Amino acid sequence: MSIFSLISGEPLSISRGLRAEPSGALAKNQTRPQKDDVARTAAEHTQIDPYVPGESRLPAGLKPIKLSSNETPLGPSPKAVDAFKETAGEIERYPDGGATRLRAAIAARYGLNAARIVCGAGSDELLGLLAHAYLGPGDEAIFTEHGFLLYRIIVLANGARPVVAPETDLRTDIAQILARVTERTKVVFLANPNNPTGTYAPIDEVRALREKLPAHVLLVLDAAYAEYVRRNDYEAGIELVATTPNTVMTRTFSKIHGLAGLRLGWAYCPEGVADALNRIRGPFNVSTPALAAGVAAIEDKVHEQASVAHNERWLPWLTTEIEKLGLKVTPSVANFLLMHFPKEPARNAHAADAFLKSRAIIVRRVDAYGLPGALRATIGSESDNRAVVAALSAFLNGAAA
Ligand SMILES: Cc1ncc(COP(=O)(O)O)c(C=O)c1O
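Residues numbered from 1 in each chain as written. Predicted model: local features only at pLDDT ≥ 70, side-chain atom pairs only at ≥ 80, totals over all residues. Heavy atoms only, no water.

J.: Outline the packing of aromatic side chains, listing residues and values.
T.: The description of an aromatic ring pair rests on the distance of the ring centres and on the angle between the ring planes. Scanning the model with the defined rule gives 10 aromatic pairs in all. Here Y200 and Y234 contribute two aromatic rings whose centre-to-centre distance is 6.1 Å and whose plane-to-plane angle is 75 degrees, an arrangement assigned as edge-to-face. You can see Y200 sitting in the loop between β5 (185–191) and α7 (203–212) and its partner Y234 sitting in the loop between β6 (218–222) and α8 (238–243), a full 34 residues away along the chain. Between the aromatic rings of F341 and F395, the centroid separation amounts to 6.4 Å while the plane-to-plane angle is 70 degrees, which identifies the pairing as edge-to-face. Of this pair, F341 sits in the loop between β10 (336–340) and α12 (349–358) while F395 sits in helix α13 (residues 382–396), and the two are 54 residues apart along the sequence. Each residue in the set F143, F148, Y151 and F189 is aromatic and connected to the rest through ring pairs, giving one cluster. Sitting over the ring of F336, R376 keeps its end group 5.7 Å from the ring centre. (Phe/Tyr/Trp six-rings, centres within 6.5 Å; stacked < 30°, edge-to-face > 60°. Helix = DSSP H or I, 4+ residues; strand = E, 2+ residues; numbered from the N terminus. Lys NZ or Arg CZ within 6 Å of the ring centre and 35° of its normal.)

J.: Can you tell me about the confidence of the model for the protein, naming the residues and giving the values?
T.: Within the protein, residue pLDDT values average 91, and 88% of them lie at 70 or more. Scored below 50 in pLDDT, residues 13–31 shows 18 contacts in the model against residues more than four places distant or in partner chains. (pLDDT = per-residue confidence, 0-100. Contact = heavy atoms within 4.5 Å.)

J.: Outline the sheet that holds strand β12 (residues 364–365), listing residues and values.
T.: Here we have 4 strands laid out as an open sheet, ordered β9-β10-β13-β12, and antiparallel in their pairing. The two strands at the open ends of the sheet, each matched to only one other strand, are β9 (328–330) and β12. Sheet analysis places β12 next to strand β13 (residues 374–378), joined by 2 bridges and oriented antiparallel. Bridging across to β13, R364 finds its partner in R376. Helix α11 (residues 301–324) contacts β9 and β10 of the sheet and is inclined by roughly 10 degrees relative to β10. (Pairing = 2+ DSSP bridges. Axes fitted to C-alpha atoms, helices over the stretch in contact; angles between N-to-C directions.)

J.: So what's going on with the pattern of salt bridges? Which residues, and what values?
T.: Within this structure, the stated rule accounts for 18 salt bridges. Between R184 and E183 there is a salt bridge, with the nearest N and O atoms lying 3.7 Å from each other. Given the relative accessible area of 39%, R184 is considered partly exposed. Residue E321 pairs with K324 through a salt bridge whose shortest N-O separation is 2.9 Å. (Salt bridge = Lys/Arg side-chain N within 4 Å of Asp/Glu carboxyl O. Buried < 20%, exposed > 50% of the residue type's maximum accessible area, 1.4 Å probe, protein only.)

J.: I'd like a description of the sheet that holds strand β3 (residues 140–144), backed by residues and values.
T.: Hydrogen bonds between backbone atoms are what pair the strands of a sheet, whose relative direction is either parallel or antiparallel. Spatially, β2-β8-β7-β6-β5-β3-β4 is the arrangement adopted by the 7 strands of the open sheet, whose pairing is mixed. Two strands bound the open sheet, and with one partner strand each, they are β2 (117–120) and β4 (161–165). Here the average twist between neighbouring strands, direction ignored, is 20 degrees. Sheet topology note: the β3/β5 ladder contains 3 bridges and is parallel. Directly across from E140, in β5, lies its bridge partner T185.

J.: I'd love a proper account of the site of the ligand, names of residues and values included.
T.: Surveying the vicinity of the ligand reveals the residues G122, S123, D124, F148, N195, D222, A224, Y225, T252, S254, K255 and R263. T252 is positioned with one of its side-chain polar atoms (N or O) 2.5 Å from an oxygen atom of the ligand. The separation between an oxygen atom of the ligand and a polar side-chain atom of R263 is 2.7 Å. For the shell around the ligand, the element with the highest residue contribution is helix α4 (residues 122–134), accounting for 3 residues. Residues of the shell around the ligand, tallied by class, amount to 3 nonpolar, 5 polar and 4 charged. (Near = heavy atom within 4 Å. Polar contact = N/O pair within 3.5 Å; in protein donor to acceptor, adjacent residues only side chain to side chain. Nonpolar A, V, L, I, M, F, W, Y, C, P; charged D, E, K, R; others polar.)

J.: Would you mind going over unusual backbone geometry in detail, with residue names and values included?
T.: A cis amide bond links N192 to the next residue, P193, at an omega of -5 degrees. Here the bond from N195 into P196 is cis, since omega is 20 degrees, no more than 30 degrees from zero. Along the polypeptide, P196 turns up in the loop between β5 and α7. The backbone of A99 shows a phi angle near 45 degrees, a positive value even though the residue is not glycine.

J.: Please provide a residue-by-residue account of helix α3 (residues 100–110), values included.
T.: Where α3 is concerned, the buried positions are L102, R103, A105, I106 and A107. Where α3 is buried, its residues touch β2, β8 (265–268) and α10 (288–299). After α3 finishes, the residue G111 shows a positive phi value of roughly 70 degrees.

J.: Could you give an account of the packing of α4 against helix α9 (residues 271–280), naming the residues involved and the relevant values?
T.: In a packed pair of helices, the relevant descriptors are the angle between the two axes and the axis-to-axis distance. At their nearest, the axes of α4 and α9 sit 10 Å apart, and the two run at 100 degrees to each other. In this view, α4 runs roughly perpendicular relative to α9, as classed from their interaxial angle. Contacts between α4 and α9 involve L129, L130, H132, A133 and Y134 from the first element and G272, V273, A276, L277 and I280 from the second. Broken down by class, the residue content of the contact of α4 with α9 amounts to 8 nonpolar, 2 polar and no charged. (Parallel < 35°, antiparallel > 145°, perpendicular 65-115°, else oblique.)

J.: I'd like to hear about the pairing of β3, residue by residue, with values.
T.: Both faces of the sheet carry side chains from a regular strand, because those side chains alternate between them. With respect to burial, β3 is a largely interior element, 5 of its 5 residues being buried. Covered by surrounding structure in β3 are E140, I142 and T144 together with A141 and F143, the residues of both alternating faces. Relative to β4, β3 is paired through 5 bridges, and the arrangement is parallel. Within β4, the residue paired with T144 across the bridge is A165. Of the crossover connections in this fold, the one passing from β3 over helix α5 (residues 150–157) to the parallel β4 is right-handed. (Right-handed = clockwise from strand over helix to strand, strands pointing away.)

Following this line, the structure appears as structure tokens:
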């Protein structure tokens, strides 16, 4: 049972979140928690594999080429950096808990209703809050076979059951998701484009999914890489959120805006969902420097366009060059690509990863995503991308590490 009902929007349980029992009093029918309960809860959480971030350090002080976390090689907008610095004189004060200026800037940029935007410390936080609001023991949440790893964590963390829908050719298969819907299904998480595959579901398919999902199921469209996509049949989901009462879209400032270190994301929600998130989030969940940098970043269309142009040039280049080396690359619409290695031990993904590291290049192992034969590489600067191709070529030609 979750805290919020999607249908009524009303809080269903007052045992968590802002409406907790005042002064720690226990409800009449509740027994006082025992010491063992705490230990048991901790033990239950050890069943959850923690999210392992992309590696960032190499031994022996080598300065790495870090292509493991889909960060932008262009960095943030200089205007965002200035705005960030300007907040140094006010950090003794709490931030604006309503993120008023940032929500207004996002609303102006995309033509949205600011009242339905909720900001968070990264889209990770917002995804976690959605799971917290709408999932509980006895509920199920569906995500795809190679979907973003966080979904499993936040579903399990709320005592719900993760349900995995197989993909077809590393793509979202709407029919497979729909085939797994039961009356217990409360949320479907869909990364579009997906990480780590880089593939996407066209908007017609997403619309069909929404139409066929029961009304009580919240569809969460995680569009962390939306800005990079250059396909006529792709949409991040703004219109679906605007026209349906049960679809949410999450976005991030960590990727194209280059603010991963500040932790900033936003969600566009139906009114009831925005209300639910605002009730349970921390009242000051986004810091003053992040709010200021976010406004400058979202307003700097020129910088964003430069990042898109960079990706448009180097994503196809890297794809083609890696394919020329004889590796299969999954066609990507995002700022990273997935490359597939042969099975033999000397040339497999793990050997390639070790070889690249020996050349100070850090990419992402994707075993945890069920893809042990592949590696994911972020599109880097021109010199980074050339270094990747040169190192892979050496590896495949049997050079010693
Ligand atoms: C698909 C997807 N969603 C969400 C996130 C989380 O981004 P953040 O919490 O930095 O906003 C990531 C980060 O890698 C991602 O790949």
